[in-house]
Every structure is written in C-alpha cells, then in structure tokens.
Protein chains: 2
Amino acid sequence: METAEATAAERPGLRERKKQRTHDALLRAALELFTTQGYEATTVDEIAEAVDVSQRTFFRYFAGKEEAALAVIGLSQEHFVAALRARPAHEAPLEALRNAVLEGWDAIGEAVARIVPVDLYLRSYGMIESTPALLAAHLRRTDEVAREIEEIVAEREGLDVRTDPRPRVAVAVFAGVMRVTERLWAMGGDLSMEAMRELTAAHLDAVRPSLAEKWRNG
Amino acid sequence: METAEATAAERPGLRERKKQRTHDALLRAALELFTTQGYEATTVDEIAEAVDVSQRTFFRYFAGKEEAALAVIGLSQEHFVAALRARPAHEAPLEALRNAVLEGWDAIGEAVARIVPVDLYLRSYGMIESTPALLAAHLRRTDEVAREIEEIVAEREGLDVRTDPRPRVAVAVFAGVMRVTERLWAMGGDLSMEAMRELTAAHLDAVRPSLAEKWRNG
DNA sequence: AGGCTAGTGACAGCCACTGACAGTTGACAA
DNA sequence: TTGTCAACTGTCAGTGGCTGTCACTAGCCT
C-alpha cells in the first residue's frame, strides 16, 4: 500500500497515468463545451461522448456537472490558501490576506495551465457569473474556503475562533470585498489577471474610506 | 385589466383566494416536511400529495423545490430592503444598514407569522445551513440582494456605483459580516431573534478592531 | 345563460444522478 | 510467462426534479 503510493508519486504506473489523462480530458472537454454552447445547454452525455467514455465514468471522476465546471477554480482557491499559509508571521491579518491574493495570482496561472488552457480558466469566471446554478455552487464553495481561512488567521494570531470574533469578522470583511471584486471583474470587459490585481487592490484600499461616517469630505 | 387588479386588491375574488390558499398550503407543507424528514429526503410528489394537488401544480407555484424552501426567508429579505429604504437620510451608510437589520427584525417576524408558524421559519435557517444545495441557492439569492442594496446606498449618498467604489465596498463588508453572523446563529444553539440581534451587533462592532494592525494591544 | 380564460390534472419525456452487476485490463507474485 | 487479484469501466435499470402539451373544469364577466 505504502509502496504503491510512493512509487506512484515518483513514476505513476500506467493505470494512474490513464486515469489522470481521462480526468484531464473530461475537464477540458467539459469546460470547452460549457464556455462555447453554455453550461445548461451541455449534457453530461455530450461531455462523455467527446472523450469517448460512458456517462457513468464521468460521474466516477466528478460528483456532478457542477464539480467539473468548478474544479479548475477550486484549484486556484487551494493555491490561495497555501499562499496565505506561507505568509510571514509578522504581517497583520488583512495584510497577509491581501498579499496572499495579490502575489499568488501568477503561481495560480501556472498551476492551472498544466491542466487546461488559461484562456479557458479565465472564461469560466464569466460563465459562472452568468449561470445561476453555477454561481450558487461557487458561492457555497467560497464560503467553505472562508471557514478554512478563519482558522488560519486565528492560528496566526494565537486566538480561538470561538472566543474572539475578530478572526471571523476580518475574514468576512475580506471575503465580502473579494466577492464584489470577482463579480465586477468577471462581468467587466477585461478578463486578465492584471485587471484582477488592480481591482482587488483598489477595493481593499476602499475599505477604510467606506467605513467613514461622512463620505462627502472623506 | 386595471379594474381587475384594483378589485383584487380590495376584495380578492374566489379565484384569487383559492390560489393564495393553495400557495400557502404548499409552502407550509413543504417547510414542515423539509424540517422534519430533511430537504433531500422529501420529494415534490410528497409535498403535492400532502396538499392534494398534482405535482405539476406545485411547479406552477414554485420554480422548484429550492424556491419553496427559501420563499419565507426571501420575504424577510424583502422586508430588510424596505427597512433600509425607510432609514432617514442623515444616517451614515453603515449606520443605516445596521439599524435596518436590527430594527426590522420584529416587523419581519410579524410578516412571516401571517403565512407560516415563526418556529418553522427559524428552523429553516438551520436546515439551509446543513443542506449544501440549499445553502448554495441561499447564498446566490443573498448576493442578489446585495446588488440591490448597493444601488440604494449609492443613491442615499448621491453617488454613481460605477465611478465610486465605496458604496459597493461598504455593502460588501456589511454582507460579509452578516453572512458570518447568520452562519454562527443558525449553527449555534439559540435560534431566537434576540440571539440574532446580539450576534449581529457584536460582529458589526468588531469590524473596526479586526481591521487594526495590531490585534494584541487593540 | 353562455362564452371566455385562468387554473388544474394527466401524460409523456428530458436530464442529472445512482446502484448493481458483469466484463476488461493493469499490477504483482509465483 | 502465467495466473490471480483489484481497479476501472460499460451497460442497464431506476429515481427524482423539471418541462411541454392538451384536454377539462371552474370562476368570471357580459
């Protein structure tokens, strides 16, 4: 058992490679079909047929249509969490969150490119935003990520999430701002990582001013 | 046409009343079944049968199972939006949002009670939080409400949402905090409106401290 | 009273998803 | 190499959410 996994990590057997190929092929086919003809207009049968496997096999790789559509973005979210964990301990919570998201972008692009064309990845954000069922699933997943981040932030500061509200509130604020940013970016014209970085920075900078009592003179 | 609607508003005809009754009956039956045996374990056929209508009729009243489950909460969200619109113009944006949510609670309770037992309404929050598909749909609806609120806040301050980021960011911060609050409340033991009010106030008060550079001495 | 139309039930069908079973194909040891 | 085991897959049948269609009933209006 141990040997099998260790070996697989070094040089995956034929079985593993085949599996990986099928998985990636399904992912690419799904995203390709979704972004061209639309998510709802695409049936699982079509995706399976495009990769020449049975529908049943598709469901062995993905829990459902949604998961296939959101898998790549899920990957980028994992990278963000990892980036946050890697931030130096001296940074303030929101500083660490900000840096993790701003600097993590490039590494994410690379990681994604290993599986699907980056272009497909970027377009999937637009697809999500304009597909109710998908947006719903995406928001739920993001909510789960937020929960994970709460723990990380609390640990960074040596606090207990159950007794001190600040870790949760800080993450909530950050998550809220990231959600608007994401929405505007995905719906806007410029679907590039540069645009995302700028929007993110601008919105995070706007947090304090938006909390002010008076907006006119602020 | 005009006459028909006006008349219906004053004294609904038999037809209208019948419709209303069926609608409410379906809603009650659905929530009752959902909260007792679970959302997924309940089929639309069951709900329809409980009210003694065909499955087809259920779908004529609700776009889907989800909508039936979230309809009551949607009602409370509408009340919140109305409460926000009613806030005096001199209040600062976040002040108005805070007051709207804290004071609107009672009116919401009354409005809900006219259709379903309040107890059922409160329990539905727990159901949502523990049902992935439902939570997803709920988050999407909440996101839409946030969009509506952005406009209201911007209008209060005489700003254009497209040029000034503050309305959107302020609402994003507020929405983020409300989401954590909701989650903790729904998952916690005390499912009362009092508990919700306290949690909300506590979390909103924690926003500034959570933005501080240093948490230890803050 | 009789015509109009909103609301309903019954039926057929699509699609996402699941369980069960059998066939095939890599992995690994004898 | 060969045989055995386990993993992976295809096929089939079935459930449940959801939609289109059509005929029929019942409230509404003149």
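Residues numbered from 1 in each chain as written. Chains lettered and ligands numbered in written order. Predicted model: local features only at pLDDT ≥ 70, side-chain atom pairs only at ≥ 80, totals over all residues. Heavy atoms only, no water.

Section: the relation of the copies chain A and chain B
Okay, so step 1: Least-squares fitting of chain A to chain B yields an RMSD of 0.0 Å, with the transformation described by 0.0 Å of translation along the axis and a rotation of 180 degrees. With respect to symmetry, the two chain copies, as superposed, fit the operation of a two-fold axis.
Okay, so step 2: Taken together, the interface assignments show that 100% of the residues at the interface of chain A recur at the interface of chain B, consistent with an identical surface on both copies. (Least-squares fit on C-alpha atoms with pLDDT ≥ 70 in both. Contact = heavy atoms within 4.5 Å.)

Quick notes on the confidence of the model for chain A
Okay, so step 1: Counting all residues, the mean pLDDT for chain A is 93, and 94% of those residues have values of 70 or more.
Okay, so step 2: Long-range and interchain partners of residues 1-9 of chain A, a stretch whose pLDDT sits below 50, account for two contacts in this model, where long-range means more than four residues apart. (pLDDT = per-residue confidence, 0-100.)

Details of the pattern of salt bridges
Okay, so step 1: The tally for this structure, following the rule as stated, stands at 28 salt bridges over all chains.
Okay, so step 2: A salt bridge links Arg166(A) to Asp164(A); the shortest N-O distance between them is 2.8 Å. As far as the burial class goes, Arg166(A) and Asp164(A) line up, both buried.
Okay, so step 3: Where Glu91(B) meets Arg87(B), a salt bridge forms, and the shortest distance between an N and an O atom there is 2.8 Å. In this structure, Glu91(B) and Arg87(B) share a single accessibility class: buried.
Okay, so step 4: Through salt bridges with shared partners, a single ionic network connects Glu129(A), Arg179(A), Glu182(A) and Asp143(B). (Salt bridge = Lys/Arg side-chain N within 4 Å of Asp/Glu carboxyl O. Buried < 20%, exposed > 50% of the residue type's maximum accessible area, 1.4 Å probe, protein only.)

Description of helix H8 (residues 132-156) of chain B
Okay, so step 1: Between its first and last C-alpha, H8(B) extends 36 Å over 25 residues, near the 36 Å set by a 1.5 Å rise per residue.
Okay, so step 2: Just beyond H8(B), the residue with positive phi is Gly158(B), at close to 65 degrees. (Helix = DSSP H or I, 4+ residues; strand = E, 2+ residues; numbered from the N terminus. Expected span 1.5 Å × (residues − 1).)

Some words on helix H9 (residues 166-187) of chain A
Every α-helix carries 3.6 residues per turn, so stepping three or four residues along brings you back to the same face.
Okay, so step 1: Over its 22 residues, H9(A) runs 32 Å from end to end, which matches the ideal 32 Å to within 8%, given 1.5 Å per residue.
Okay, so step 2: Burial of H9(A) is extensive: 19 of the 22 residues sit out of reach of the surface.

Focus on the protein's contact with DNA strand D
Okay, so step 1: Inspection of the region around DNA strand D gives 22 residues, with Lys19(A), Thr57(A), Arg60(A), Tyr61(A) and Arg56(B) positioned closest.
Okay, so step 2: Each atom of DNA strand D within 4 Å of the protein belongs either to a base or to sugar and phosphate, the latter forming 50%.
Okay, so step 3: In this structure, a phosphate oxygen belonging to DNA strand D sits 2.8 Å away from a side-chain N or O atom of Ser54(A).
Okay, so step 4: Backbone polar atom of Arg15(B) to a phosphate oxygen of DNA strand D: 3.0 Å apart, as the coordinates give it.
Okay, so step 5: For the surface near DNA strand D, the secondary-structure elements that each account for two or more residues are helix H2 (14-37) and helix H4 (55-61) of chain A together with helix H2 (14-37) and helix H4 (55-61) of chain B.
Okay, so step 6: Of the residues that constitute the surface near DNA strand D, the class distribution is six nonpolar, seven polar and nine charged. (Near = heavy atom within 4 Å. Polar contact = N/O pair within 3.5 Å; in protein donor to acceptor, adjacent residues only side chain to side chain. Nonpolar A, V, L, I, M, F, W, Y, C, P; charged D, E, K, R; others polar.)

A look at the interface of chain A and chain B
Okay, so step 1: Contacts between the two partners involve 45 residues from chain A, matched on the other side by 45 residues from chain B.
Okay, so step 2: Note on chain A versus chain B: buried area summed over both sides is about 3900 Å², and carbon and sulfur give 66% of it.
Okay, so step 3: Considering only the surface of chain A that becomes buried against chain B, Arg166(A), Leu211(A) and Trp215(A) emerge as the three largest contributors, covering 20% of it.
Okay, so step 4: Our enumeration of links across chain A and chain B arrives at four salt bridges. (Buried area = accessible area lost by both parts, 1.4 Å probe.)

With respect to the protein's contact with DNA strand C
Okay, so step 1: Arg56(A), Lys65(A), Lys19(B), Thr57(B) and Arg60(B) are the nearest of the 23 residues found near DNA strand C.
Okay, so step 2: Among the atoms of DNA strand C close to the protein, meaning within 4 Å, 57% are from sugar or phosphate groups.
Okay, so step 3: Backbone polar atom of Arg15(A) to a phosphate oxygen of DNA strand C: 3.2 Å apart, as the coordinates give it.
Okay, so step 4: At the level of secondary structure, the elements contributing two or more residues to the surface near DNA strand C comprise H2 and H4 of chain A together with H2 and H4 of chain B.
Okay, so step 5: Here the surface near DNA strand C is composed, by residue class, of six nonpolar, seven polar and ten charged.

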